[in-house]
Amino acid sequence: MLNLMNFANAVDRAVYLRGCEYYEGEAITSIRETAPNTYLAEVEGTGTYSVEVSLDGQLNIVASSCDCPYDWSNTCKHQVA
């Protein structure tokens, strides 16, 4: 299972690095907890994308989604950010 602690090793390296650039560039315009351990973030890219992440009590990523058009792998740069 994907965990926040091993996330960097499980994601395509180029996608991970680009997501880090988005994070450091403050592309996350909002983030809020919508339910216990479930978060919704707005991330600016070529558009504004909604990212939802659900965690369990052990910091495992139970579910993650983004509404951007990226479909090359399961995780996009907006999810990384």
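This structure is a prediction, so every number in the text was calculated from the model and none was measured.

J.: Teacher, can you tell me more about a nonpolar patch on the surface here?
T.: Among the surface-exposed residues, L4, M5 and L59 lie close enough to one another that they form a single nonpolar patch of about 320 Å² accessible area. Note that L59 resides in the loop between β3 (48–55) and β4 (61–66).

J.: So what exactly am I meant to see when it comes to the pairing of β3 here?
T.: Regular strands place their side chains on alternate faces of the sheet. Pairing geometry for strand β2 (residues 38–44) and β3, over seven bridges, is antiparallel. Residue Y39 lies in a different strand from β3, and its bridge partner there is V53. Between β2 and β3, which pair antiparallel one after the other, the connecting turn spans three residues. Bridge analysis of β3 against β4 gives five bridges, and the strand direction is antiparallel. Counterpart to V53 in the pairing with β4 is S64. Counted between consecutive antiparallel strands, the loop separating β3 from β4 contains five residues, among which L59 sits at a positive phi close to 65 degrees.

What counts, and at which threshold
- Residues numbered from 1 in each chain as written.
- Predicted model: local features only at pLDDT ≥ 70, side-chain atom pairs only at ≥ 80, totals over all residues.
- Heavy atoms only, no water.
- Patch = residues over 30% accessible without salt bridge, like charges linked within 9 Å, V, L, I, M, F, W, Y side chains within 5 Å.
- Areas by Shrake-Rupley, 256 points an atom, 1.4 Å probe, with all protein chains shown as cover.
- Salt bridge = Lys/Arg side-chain N within 4 Å of Asp/Glu carboxyl O.
- Helix = DSSP H or I, 4+ residues; strand = E, 2+ residues; numbered from the N terminus.
- Pairing = 2+ DSSP bridges.

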